[in-house]
Amino acid sequence: PGPAQAWPGPPGASGGGRRPGPPRGSPEAPKVRGSAGKRFWAFLEKKKKNLKEDGIGIYIHWPFCQSLCPYCDFNSYVSEKIDMDSWTTAYKKALRISAIQVDNNLVHSIYFGGGTPSLMSSRLVYEVINEISKEFKVSSDAEISLEANPTSVEYGKFKSYSASGVNRCSLG
């Protein structure tokens with residue numbers, strides 16, 4: 001693989017994830033050809049068929065943390081001030097675009113990962129879940145999970161997350 005590609009992250013943030021290997025589309029990027037390519041495309045067609053039958057999961061990435069952990073390789077940043085309104089607008093736009101592109105809009109799982117999603121405002125979590133409910137068909141027994149760092153757990157916030165539809169917390 002080529003040298004790691006660094007992205008400076010959102011404005012005002014420090015830290016940042018690494019992207020190993022050459023940039024996608026560059027001459028050094030791997031290509032899938034021959035019998036391996038045929039197997040790959042057959043695999044994708046099978047997955048697409050399963051998606052139509054089984055539904056989909058939606059992953060919402062929150063890239064911010066209180067501090068960067070030395071063991072963590074996830075795309076995460078530390079920022080003193082986060083514009084929740086801008087993030088709400090961006091998530092809603094991405095969800096509307098995704099809803100147009102997906103054949104099957106039945107959602108069985110919504111997962112807020114990161115970073116530390118428990119740092120999100122409860123209003124932002126509500127707005128994202130509400131937008132998903134408008135743009136997709138959410139199963140009545142959908143699992144809606146939110147990752148939390150034990151140091152960012154607050155009773156009032158989790159009560160609001162639960163009222164918004166979050167029914168599972170992943171601590172770690």
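All values derive from a computational prediction rather than experimental measurement.

(A) Structural view of the layout of surface pockets. Approximately 420 Å³ is the volume attributed to the largest pocket. Within the lining of the largest pocket, the residues separate by chemical class into 11 nonpolar, 11 polar and 1 charged. There is about 200 Å³ of room inside the second largest pocket. Together, 13 residues line the second largest pocket, and Ile-58, Tyr-59, Ala-94, Leu-95 and Ser-98 are the ones closest to its centre. Looking at the lining of the second largest pocket, the elements with two or more residues in it are strand 4 (56-62) and helix 2 (84-101). Per element, the largest residue contribution to the lining of the second largest pocket is 6 residues, and it comes from strand 4. Residue classes in the lining of the second largest pocket are distributed as 10 nonpolar, 3 polar and no charged.

(B) Focus on the sheet that holds strand 7 (residues 106-114). Taken in spatial order, the 4 strands of this open sheet run 4-7-8-9, and their pairing is parallel. Strands with a single pairing partner mark the edges of an open sheet, and in this sheet they are strand 4 and strand 9 (168-171). With direction set aside, neighbouring strand axes in the sheet form an average angle of 20 degrees. Where strand 4 lies against strand 7, 7 bridges are found, and the strand directions are parallel. For His-61, the partnering residue across the bridge sits in strand 7 and is Gly-113.

Quick notes on the rules
- Residues numbered from 1 in each chain as written.
- Predicted model: local features only at pLDDT ≥ 70, side-chain atom pairs only at ≥ 80, totals over all residues.
- Heavy atoms only, no water.
- 1 Å grid on protein atoms, 1.4 Å probe; cavity = no way out; pocket = protein on both sides within 12 Å on 5 of 7 lines; lining within 4 Å.
- Points joined across faces, edges and corners; volume = space filled by probe spheres on them.
- Nonpolar A, V, L, I, M, F, W, Y, C, P; charged D, E, K, R; others polar.
- Helix = DSSP H or I, 4+ residues; strand = E, 2+ residues; numbered from the N terminus.
- Pairing = 2+ DSSP bridges.
- Axes fitted to C-alpha atoms, helices over the stretch in contact; angles between N-to-C directions.

Distances and angles like these do not, on their own, reveal function.
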